[in-house]
Amino acid sequence: HCDAMLFDWARNPSMFDTAILNHDFEGVLAPSNITRATRIDGFRIQGMSGVPQTNPGSACIVVLGSPTITGNRINGGNITGGSQWYSQRTVGVAILAPITDPAGPLVENNDIQGGQSGSFATFGVMFDAVGNPPMGNATSSGMVRNNRIRGGSGANTEGVAAWSSAGQAAVVGNSITSGGGMGGNAQSSWGIAVGGTLLVDGNLINTDQNAVGGCGGNWCGGLASYSSTATIVNNVIYGNKSGLSAAV
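As the structure is a prediction and not an experimental result, all values here were calculated from the model.

The rules behind each value
- Residues numbered from 1 in each chain as written.
- Predicted model: local features only at pLDDT ≥ 70, side-chain atom pairs only at ≥ 80, totals over all residues.
- Heavy atoms only, no water.
- Helix = DSSP H or I, 4+ residues; strand = E, 2+ residues; numbered from the N terminus.
- Polar contact = N/O pair within 3.5 Å; in protein donor to acceptor, adjacent residues only side chain to side chain.
- Contact = heavy atoms within 4.5 Å.
- Patch = residues over 30% accessible without salt bridge, like charges linked within 9 Å, V, L, I, M, F, W, Y side chains within 5 Å.
- Areas by Shrake-Rupley, 256 points an atom, 1.4 Å probe, with all protein chains shown as cover.
- Salt bridge = Lys/Arg side-chain N within 4 Å of Asp/Glu carboxyl O.
- Pairing = 2+ DSSP bridges.
- Phe/Tyr/Trp six-rings, centres within 6.5 Å; stacked < 30°, edge-to-face > 60°.
- Buried < 20%, exposed > 50% of the residue type's maximum accessible area, 1.4 Å probe, protein only.
- Core = buried A, V, L, I, M, F, W, Y, C linked by side-chain atoms within 4.5 Å.

Novice: Outline the side chain of S140, listing residues and values.
Specialist: Here S140 lies in the loop between β11 (121–129) and β12 (143–145). At a separation of 2.7 Å, a polar atom in the side chain of S140 contacts the side chain of S164. Those residues in contact with S140 that lie beyond four places of it in its chain are I95, L96, A97, I99, F127, D128, S164, S165, A166 and A169.

Structure, rendered in structure tokens:
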């Protein structure tokens, strides 16, 4: 809090908006030497809109190290195209392999909203890899805990997408919504889509059906495992508003 009448610096991130409005598609960068001792805390972070040209597309936060990201409002940018599929993505928090710390970053108590993609995909939180295209054999870890995560609007939309996740990677105690397509009709839409190693424990997935979008043409719903080695326990999982809907 700081205004012309009172300079008491009272801290209330929801009342006293402190915004980071990204000026490039990489957004806020946590480089590989960052540990959990470094905190990104109490900001509203807005992803850049436009036409990205490189991986991972437009990201609010790119994580190459292991920071603590807590108490933020993270809103993905709106994109309209890109040079390749891997640039045609809008992401709230992109955790990009290789992450060398076995524990990885801590993403906790944030409100994360995926953006709108007019081309390929939109994710709230994404475990993927660096490179153009992303490195196929690199892995990342991290704890995603007690967040509110909502997928955006686009052809493919996930609250959490975990392609490179390994080791201690975990998604625990979150409220996650899958999102939907523009006009309510995505090609693919999941609360969580996982292809790596991931602990999925104690989440509420698509339980707020008023916030769940639609999907057409492919199976959509709560959680999809693409040959993953996930451990999925203690969750409450619903499908979405689709003719081809599944909880899991």
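Back to the write-up after that little detour.
Novice: Explain a nonpolar patch on the surface residue by residue, including any values.
Specialist: Taken together, the side chains of L204, V236 and Y238 define a hydrophobic patch exposed on the protein surface, amounting to about 260 Å² of accessible area. If you trace the backbone, L204 turns up in strand β19 (residues 204–205).

Novice: Go over the sheet that holds strand β13 (residues 148–150), please, and point to the residues and values.
Specialist: Strand order in the open sheet formed by eight strands is β1-β4-β7-β10-β13-β16-β19-β23, and the pairing between neighbours is parallel. Because the sheet does not close on itself, it has two edges, and the strands there are β1 (19–21) and β23 (236–237). Across three bridges, the pairing between strand β4 (residues 44–46) and strand β7 (residues 73–75) is parallel. Counterpart to I45 in the pairing with β7 is I74.

Novice: If you had to explain the packing of aromatic side chains to someone new, which residues and values would you point to?
Specialist: The tally for this structure, following the rule as stated, stands at three aromatic pairs. Relative to F120, the ring of W85 has its centre 5.9 Å away and its plane inclined at 70°; by these criteria the two rings are edge-to-face. On the criterion of sequence distance, the pair formed by W85 in the loop between β7 and β8 (89–97) and F120 in the loop between β10 (111–113) and β11 is long-range, its members being 35 residues apart. On the accessibility criterion, F120 (28% relative accessible area) is partly exposed. Note on W163 and Y226: the rings are 6.0 Å apart at their centroids and 50° apart in plane angle, and the pair reads as tilted.

Novice: Quick rundown of the nonpolar core? Include the residues and the values.
Specialist: Core analysis: the biggest nonpolar cluster contains 29 residues, and I61, I69, V93, I95, V125 and I192 have the highest contact counts within it. Looking at this core, the elements that each hand over two or more residues are β5 (58–63), β8, β11, β14 (156–162) and β17 (188–194). The element best represented in this core is β5, accounting for three residues. Not counting the four nearest positions on each side in its chain, V93 is found in contact with I61, V63, I69, I74, V107, I112, G124, V125 and M126. Judged by nonpolar contacts, the second largest core, of nine residues, contains V62, V91, A94 and A161.

Novice: Could you give an account of the pattern of salt bridges, with specific residues and numbers?
Specialist: Enumeration over the complete set of coordinates arrives at eight salt bridges. Among the salt bridges present, the one from R73 reaches D17, with a minimum N-O distance of 2.9 Å. Residue R73 is found in strand β7, and its partner D17 is found in the segment before β1; the two are separated by 56 residues along the sequence. Overall, the relative accessible area of 29% leaves R73 in the partly exposed class. With its nearest N and O atoms 2.2 Å apart, the salt bridge here joins R150 to D111.

Novice: Talk me through the pairing of β11; I want residue IDs and the actual numbers.
Specialist: Side chains on a regular strand alternate between the two faces of the sheet. For β11, a buried count of nine out of nine residues is recorded, marking the element as mostly surrounded by other parts of the structure. The sheet contact formed by β8 and β11 spans eight bridges and is parallel. When the bridges of β11 are listed, A97 appears paired with A129. Pairing between β11 and β14: six bridges, direction parallel. Of the residues in β14, the one forming a bridge with F123 is E158.

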